[in-house]
Amino acid sequence: MKLYLKGDLSSVENGLKIISRHLNIELSMDGHPIQVKNEKGRLRAANQNGQGEITFDQPIHFFRALGLWVEKYQKNKEFDVSEIPQFRMSGVMLDASRNAVPTVSEVENLLQKMAVMGLTTLMLYTEDTYEVEEHPYFGYMRGRYTAEELRACDEYASQLGIEMVPCIQTLGHLREALKWNYAKDFKDTDDILLVDEPKTYEFLENCIRAVSNAFKTKRIHIGMDETFQLGLGRYLEKHGFENHIVIMNRHLQKVVAITEKYGFKPMIWSDMYFPLFPKDSKYRDEKGLIPSDILAGIPDVELVYWNYYRKEEEVYSKDFQHHKELGRMPIFAGGAWTWNGMAPNYGKAIATTEAAMSACKKEGINEVFVTLWGDNGAETPFSTAYPILQLFAEHSYHHEVSSEQVARRFDFCCEGQFDDFMLLKSMDETPGVMKDNMNTSMTSKVTLYQDILIGLYDENVRGLNLGEHYQQLVTVLEKARQANPAWEALFDFYGQLARVLGDKAEIGIRIKEAYEKNDYEHMKTILITLDRIQSNVDLLRKKHRDIWFTAYKPFGWEVIDIRYGGVITRIDSVKYRIQEWLDGRITRIEELQESRLRHDGPWEIVDGLIGGNIYHRIVTAGSFSL
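A brief report on the enclosed structure follows. For every chain, the first residue of its written sequence is number 1, and the numbers climb from 1 along that sequence. Local features in a predicted model are, by the rule used here, given only for residues with pLDDT of at least 70; side-chain atom pairs are given and counted only at 80 or more, and totals for whole chains, interfaces and linings are based on all residues. Hydrogens and water are ignored here; the side-chain numbers use all heavy atoms of the structure.

Secondary structure summary: the chain contains 23 helices and 16 strands in total. Across its three principal axes, the chain shows a C-alpha extent of roughly 85 × 70 × 50 Å. Buried means the residue's accessible area, taken with a 1.4 Å probe over protein chains only, is under 20% of the maximum for its type, while exposed means over 50%, and partly exposed covers the values in between. Sorting the 626 residues of the chain into buried and exposed places 60% on the buried side. When contacts within the chain are restricted to residue pairs at least 6 apart in sequence, long-range pairs at least 24 apart make up 76% of them. Put simply, DSSP H or I for four residues or longer makes a helix, DSSP E for two residues or longer makes a strand, and each gets a number counted from the N terminus. Residues are treated as being in contact if the distance between any of their heavy atoms lies within 4.5 Å.

Another point: the packing of aromatic side chains. When two rings of Phe, Tyr or Trp (its six-membered ring) have centres within 6.5 Å they constitute a pair, described as stacked for plane angles under 30 degrees, edge-to-face for angles over 60, and tilted for the intermediate range. Going through the model one piece at a time under the given rule, you end up with 43 aromatic pairs. On the basis of an interplanar angle of 75 degrees and a centroid distance of 5.1 Å, the ring pair of Y130 and F138 is categorised as edge-to-face. The exposure class assigned to Y130 is buried, which follows from its relative accessible area of 1%. Only lysine NZ and arginine CZ atoms are considered, and such an atom sits over a ring when it is within 6 Å of the ring centre and within 35 degrees of the ring normal. Of note, K77 hangs over the ring of Y73, and the distance from its end group to the ring centre comes to 4.7 Å. If you follow K113 out to its NZ or CZ, it ends over the ring of Y386, 5.3 Å from the centre.

To continue, consider the sheet that holds strand β5 (residues 51-56). Here, strands pair whenever DSSP counts at least two bridges between them. Strand order in the open sheet made by the six strands is β2-β1-β3-β5-β4-β6, with mixed pairing throughout. The open sheet has two edge strands with one neighbour each: β2 (26-27) and β6 (79-83). Here strand β1 (residues 2-7) runs beside strand β3 (residues 32-38); their pairing, made up of five bridges, is parallel. What sits directly across from L3, in β3, is H32. With respect to the sheet, helix α2 (residues 59-75) is in contact with β1, β3, β4 (43-48), β5 and β6, its orientation differing from that of β4 by roughly 30 degrees. All axes here are fitted lines through C-alpha atoms, helices being fitted over the stretch that makes contact, and every angle between N-to-C directions spans 0 to 180 degrees.

Once that is clear, we can look at the pairing of β3. As defined by bridge partners, β3 adjoins β5 across five bridges and the pair is classed as parallel. Counterpart to V36 in the pairing with β5 is I54.

Once that is clear, we can look at the state of the cysteines. Here, a disulfide means two cysteine sulfur atoms that sit within 2.5 Å of each other. Under the defined criterion, the tally for this structure stands at zero disulfides. Distance from the sulfur of C153, which forms no disulfide, to the nearest cysteine sulfur (C167) is 13 Å. Classification of C153 as buried rests on a relative accessible area of 1%. No disulfide involves C207; its sulfur sits 14 Å from that of C167, the nearest cysteine. In this structure C207 comes out as buried when scored by relative accessible area, which is 2%.

This next bit is on helix α6 (residues 198-212). Helix span is expected to be 1.5 Å times the residue number reduced by one. Look at α6: 21 Å from first C-alpha to last across 15 residues, which is about the 21 Å you get at 1.5 Å a residue. Where α6 is concerned, the buried positions are T200, Y201, F203, L204, E205, N206, C207, I208, A210, V211 and S212. Summarising the contacts, the buried residues of α6 are in contact with β9 (163-167), β11 (192-193), β12 (219-221) and α8 (244-261).

Cis peptide bonds are those with omega within 30 degrees of zero, and the linkage from G601 to P602 qualifies with 0 degrees. A positive phi angle, near 55 degrees, is found at E415, a position not held by glycine. Relative to the helices and strands, E415 is located in the loop between α13 (403-414) and α14 (418-422). Of the residues examined, E415 reaches a relative accessible area of 57% and is grouped as exposed. Backbone geometry at N437 places phi at a positive 50 degrees, although glycine is not the residue there. Topologically, N437 is positioned in the loop between α14 and α15 (443-449). The class for N437 is buried, based on a relative accessible area of 1%.

Residues Y137, Y140, M141 and F555 make up a contiguous nonpolar surface patch of about 400 Å² in total accessible area. As for its position among the elements, M141 is in the loop between β8 (121-125) and α4 (147-159). Like-charged residues are merged into a patch within 9 Å and nonpolar side chains (Val, Leu, Ile, Met, Phe, Trp, Tyr) within 5 Å, provided each residue has over 30% relative accessible area and no salt bridge. Computed with the Shrake-Rupley method and a 1.4 Å probe, the accessible areas treat only the protein chains shown as cover for residues. The salt bridge criterion pairs a side-chain nitrogen of Lys or Arg with a carboxyl oxygen of Asp or Glu, the two atoms within 4 Å.

At their nearest, the axes of helix α1 (residues 13-22) and α2 sit 11 Å apart, and the two run at 30 degrees to each other. Between α1 and α2, the angle is such that the two are roughly parallel. In terms of crossing hand, the pair formed by α1 and α2 is right-handed. Listed contacts from α2 to G15, L16 and I19 of α1 are F62, F63 and L66. Roughly parallel refers to an angle under 35 degrees, roughly antiparallel to one over 145, roughly perpendicular to one between 65 and 115, and oblique to any angle outside these ranges. For a crossing to be left-handed, the near helix must be turned anticlockwise from the far one by less than a right angle; the clockwise case is right-handed.

Inspection of the entire model under this criterion finds 57 salt bridges. Close ionic contact of E325 with R284 constitutes a salt bridge, the shortest N to O distance being 3.0 Å. Of this pair, E325 sits in helix α10 (residues 313-325) while R284 sits in the loop between β13 (265-269) and α9 (292-297), and the two are 41 residues apart along the sequence. Judged by relative accessible area, R284 falls into the buried class, the value being 8%. Linked by salt bridges that have partners in common, R64, E71, E83, E394, R408 and R409 make up one network.

What follows concerns the pairing of strand β14 (residues 302-306). Along β14, four of the five residues are buried, which leaves the element largely enclosed by surrounding structure. Note that β13 and β14 share three bridges and pair parallel. What sits directly across from I268, in β14, is L303. Classification remark: right-handed applies to a crossover when, strands pointing away from the viewer, the course from the first strand over the helix to the second runs clockwise. Regarding topology, α9 serves as the crossover connection from β13 to the parallel β14, and that connection is right-handed. Taken together, the three bridges between β14 and strand β15 (residues 331-335) define a ladder with parallel strand orientation. If you follow V304 over to β15, its bridge partner there is I331. Chirality of the crossover, the property in question, places the unit of β14, α10 and β15 among those that are right-handed.

Moving on, we come to helix α21 (residues 557-582). The terminal C-alpha atoms of α21 lie 37 Å apart, and with 26 residues this matches the ideal 38 Å at 1.5 Å per residue to within 8%. Remark: G584 follows α21 within two positions and exhibits a positive phi of approximately 80 degrees.

A separate point is the nonpolar core. We define a nonpolar core as any set of buried Ala, Val, Leu, Ile, Met, Phe, Trp, Tyr and Cys residues linked to one another through side-chain atoms lying within 4.5 Å. One finds F62, L66 and L530 to be the most contacted residues of the largest nonpolar core, which totals 212 residues. With sequence-adjacent residues up to four places away left out, L530 is seen in contact with I452, I507, I511, I571, V574, K575 and I578.

Structure representation (structure tokens):
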């Protein structure tokens, strides 16, 4: 398509060159004319009487409007659409710390899609995956970004009208950073810094200086969430017991002083202030109010309220009101649920997003973003988050959003069929799992990794016919693969995962039943199935590897290789044990003598949940850290 854009293009000229390639547009004076106007207010994309028009306020609005214009023109030559931005900031937080570090080119690919969607901000979450010159062990062999790589991403984003914001940790969530001996003098616990220790603040200044040299923005997210053991390690030994909110406020004041030195306006996660919120909180006075001295002790930082667990709109509204009691309007962080295990949990992501975004609009929240975490290995490709990014984007420009609208825009912005992507939730939302998988069952992860002879989850899956479920899923995912050529590798990977689980999900139950019945003939056929599973798991590993190395740096893949390798090697031992029994060299298989119990811990297994756990709790009842 040839277009001739004329008018006020000065603020979008560089980004236009990028997006024109992304949208397959040729910019030419003999192209279809579009008048571009930079005005305050709504964005508009129109084409009437052979003349196009785009009106925009911020550069990011131009790129969304341009995408809308192209989309509409491809379907109907006459149109006039307007949208009103619902939020001052609507962004994405990309996790680059949980084993997988996206490459610069993949970050650029994300930025292109964000621009066409109209998402304003990319927050790059790095615990220790950025270069700090003074600390060579910080992020060592973890795929850390160099300052040059961060500057390249930042410059690319800037051309597209997107602000990149560094997101680091300055108190907790630093287990990988603090495991080396250089940090022994300034850690409180294994993952929390030692408050009031001068070396702590020397370290943090080095970290903050490093990101200040790589980003243009004056905003920074300094973390400080989930520090439940704050003050209970070396701090307790040195200073005695002290209330965690008092310790946190004092530490926060010192960190804010450093951020101010480098021109940053900081934000933090707000969860460590949640004890202030309940009406019966010990921190409230006799009138039920939070005392002024406590409020005064909270430094001048922006508070980010994260919640991606509840589908009740009133929960979010109530928590927004609590945050307002602290004298400031919170930023909201939702979730794309890319961290459920092997596959995205779209059911929960959509249910929680719809509730939260409705509450945000009613409560006057100005800034929102969606998190793309990669907990426990980042096994789910982060590109599976794009349907949820699209949902966030449509909510960012419309008061009400329909599923048809999201699907139509996703087709244009990401070249994918929304309904086909929704099939991926069936990897975990299986028989036995509640609607929308609100209890976050990781069915595909536990059935892939659980040991066949030990079968820690066998009782959880018994009677659910998961094998049949996954076998049927193979067929529908193959159709989805054919219907989504831009996403062929992704659907091929998930189709292979379904193929593996069609055999493996219930194989442990079959083995134990054959063993207890002394059914040697059946056991011999099971050996053939084990051969097939072993081959298919290795093929799955290779398909996953292709996706990984397209999107991420190599560091971290060794973890996934070891996990797949564990499955493959254990199958070899399972076949060995069974063959020993079949040949009469052993009279009993001890692993199969044990009665099976439901997997119930360390987290509660509730109704509608087959299993959800971290890798080492799936594969063994023993310990990896002897």
